Amino acid sequence: MDFIRAMKTDALRRRSSAMTDETSMKTCAKVLSLCPEVLTAWNHRREAIERGEETRRADADEDDASTSARYEWWREELALSESALKSNPKSYPSWYHRKWVIERMIREMGRDDARARETLAREEALCATSLNADDRNFHCWSYRAFIARALGRTSEEELAYTMTKIENNFSNYSAWHYRSAILEAAGEARRAETLAREFELVSNAFYTEPEDQSAWMYHRWLVSRARALECASERETLLESALETCREVSELEPECKWPLLARVALGDEKSDKLYDRLMTIDPARSGYYRDVIARGVL
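For clarity, every value in this text was computed on a predicted model and none was experimentally measured.

Scoring rules and cut-offs
Residues numbered from 1 in each chain as written. Predicted model: local features only at pLDDT ≥ 70, side-chain atom pairs only at ≥ 80, totals over all residues. Heavy atoms only, no water. Helix = DSSP H or I, 4+ residues; strand = E, 2+ residues; numbered from the N terminus. Buried < 20%, exposed > 50% of the residue type's maximum accessible area, 1.4 Å probe, protein only. Contact = heavy atoms within 4.5 Å. Areas by Shrake-Rupley, 256 points an atom, 1.4 Å probe, with all protein chains shown as cover. Axes fitted to C-alpha atoms, helices over the stretch in contact; angles between N-to-C directions. Parallel < 35°, antiparallel > 145°, perpendicular 65-115°, else oblique. Left-handed = near helix turned anticlockwise from the far one by under 90°. Nonpolar A, V, L, I, M, F, W, Y, C, P; charged D, E, K, R; others polar. Expected span 1.5 Å × (residues − 1). Core = buried A, V, L, I, M, F, W, Y, C linked by side-chain atoms within 4.5 Å. 1 Å grid on protein atoms, 1.4 Å probe; cavity = no way out; pocket = protein on both sides within 12 Å on 5 of 7 lines; lining within 4 Å. Points joined across faces, edges and corners; volume = space filled by probe spheres on them. Arc of directions from axis to C-beta. Phe/Tyr/Trp six-rings, centres within 6.5 Å; stacked < 30°, edge-to-face > 60°. Lys NZ or Arg CZ within 6 Å of the ring centre and 35° of its normal.

1. Section: the overall build of the protein chain
Okay, so step 1: From N to C terminus, the protein chain includes 15 helices and zero strands.
Okay, so step 2: Here the protein chain holds 298 residues, and 43% of them are scored as buried.
Okay, so step 3: Contacts in the protein chain between residues at least 24 apart in sequence constitute 59% of all its contacts with a sequence separation of at least 6.
Okay, so step 4: Of the roughly 16,600 Å² of accessible surface on the protein chain, a fraction of 52% belongs to carbon and sulfur atoms.

In structure tokens:
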């Protein structure tokens, strides 16, 4: 009798807790619709979802309705975070919650389930729409990388996507950065052939928009990877070619500081004169340049 009474008490406790969670979830949704930055509300929703899963596992006689709810809960969460992102596309808590939901959905259903694949494809489309609106939303870029891994996208497919974004806007620093991350992960950043191709790609950006900083930052990363090559001949060939390109750009754009800085970083033999030129065209940083010269870091 005591065992039966304890079971009934536990069932009533779980039912009461579920009703409380349902009420608080509705309250959280109202709060987040007004301000998606309230991290406490997102945390509360995640805790309530986890409690609900524990309750369902404890119910041995789970009916068809509760089974259906088990496979549909994430739709409401994705809809809520999507609504939040419409009001603030760079809301960190909203993107994090979305990733958390997808991770649990995959763990519960498996990534090969038809509904899971459909949801992942929809998420990829959502990222494309968001990046079309703001192609430098780094929160969305990070989330898209997560979705691409979940879908099993190849490095070639992802590089092709970054190319479309870069061609649309050479100033898309996020796309350049994502490109470097893909090449690192694929081991391509250690191959001279790949680096030569990337040097050629970024040089096109120089000739088109020499004042744009993002391409020069990518160029700096390429130089660091070229210097890390084990083959001396490959290393020297790439670095000398990169230096010649920078010299040509600085001749074509004498008032642009970026090719001069790149030449200094590449060890141009005329570094001291380059700093003199930099102090002339970039007087706001002349103190920094004088300090570098005084310390002999040329």
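2. Considerations on the packing of helix α14 (residues 271-281) against helix α15 (residues 286-295)
Okay, so step 1: Between α14 and α15, the shortest axis-to-axis distance is 9 Å and the interhelical angle comes to 165°. On the basis of their axis angle, the class for α14 and α15 is roughly antiparallel. As for the relative orientation of α14 and α15, their crossing is left-handed in sense. Contact residues: Tyr275, Asp276, Leu278 and Met279 in α14; Ser286, Tyr289, Arg290, Val292 and Ile293 in α15.
Okay, so step 2: Split into classes, the residues belonging to the contact of α14 with α15 amount to six nonpolar, one polar and two charged.

3. A closer look at helix α5 (residues 92-109)
Okay, so step 1: In this model α5 runs 26 Å from its N-terminal to its C-terminal C-alpha over 18 residues, within 8% of the 26 Å that 1.5 Å per residue would give.
Okay, so step 2: Taken together, the buried positions of α5 are occupied by Pro93, Ser94, Trp95, His97, Arg98, Trp100, Val101, Ile102, Arg104, Met105, Ile106 and Met109.
Okay, so step 3: The positive-phi residue at the C-terminal boundary of α5 is Gly110, with phi of around 90°.

4. Some words on the nonpolar core
Okay, so step 1: Formed by 73 residues in total, the largest nonpolar core has its most connected members in Ile102 and Trp176.
Okay, so step 2: Take this core: its biggest share by element is nine residues, from helix α7 (residues 138-151).
Okay, so step 3: Discounting chain neighbours no more than four positions away, the residues touching Trp176 are Ile166, Phe170, Leu201, Val202, Ala205, Ser214, Ala215 and Tyr218.
Okay, so step 4: Within the second largest apolar cluster, six residues are counted, among which are Cys28, Leu32, Ala41 and Ala84.

5. A short note on the layout of surface pockets
Okay, so step 1: Taken as a whole, the second largest pocket holds about 310 Å³ of empty space.
Okay, so step 2: Among the secondary structure elements, those contributing two or more residues to the lining of the second largest pocket are α11 (213-227), α13 (258-265) and α15.
Okay, so step 3: At seven residues, α11 tops the list of elements feeding residues into the lining of the second largest pocket.
Okay, so step 4: Grouping the constituent residues of the lining of the second largest pocket by class yields twelve nonpolar, two polar and four charged.

6. Here's the deal with helix α12 (residues 232-252)
Two residues of an α-helix separated by three or four positions point the same way, owing to the 3.6 residues in each turn.
Okay, so step 1: A rise of 1.5 Å per residue sets the reference length of α12, with its 21 residues, at 30 Å; its end C-alpha atoms lie 30 Å apart and thus fit the reference within 8%.
Okay, so step 2: Turning to α12, its buried residues number three or more, namely Leu238, Leu239, Ala242, Leu243, Thr245, Cys246, Val249 and Ser250. When α12 is viewed along its axis, its buried side chains cluster within an angular range of 160° and face the same direction. Facing away from the buried side of α12 by more than 90 degrees, the exposed set consists of Glu236, Thr237, Glu251 and Leu252.

7. Quick word on the packing of aromatic side chains
Okay, so step 1: Per the stated rule, a full pass over the model turns up eleven aromatic pairs.
Okay, so step 2: Each residue in the set Trp95, Tyr143 and Phe146 is aromatic and connected to the rest through ring pairs, giving one cluster.
Okay, so step 3: Directly above the aromatic system of Tyr161 lies the positively charged group of Arg144, at a separation of 3.7 Å from the ring centroid.

8. Some points on the packing of helix α8 (residues 155-168) against helix α9 (residues 173-185)
Okay, so step 1: Interhelical geometry of α8 versus α9 gives an angle of 160° and a closest axis separation of 9 Å. Considered as vectors, α8 and α9 are oriented roughly antiparallel to each other. Handedness of the α8/α9 crossing: left-handed. Where α8 approaches α9, its residues Ser155, Glu158, Leu159, Thr162, Met163, Lys165 and Ile166 are matched on the opposing element by Ala175, Trp176, Tyr178, Arg179, Ile182 and Leu183.

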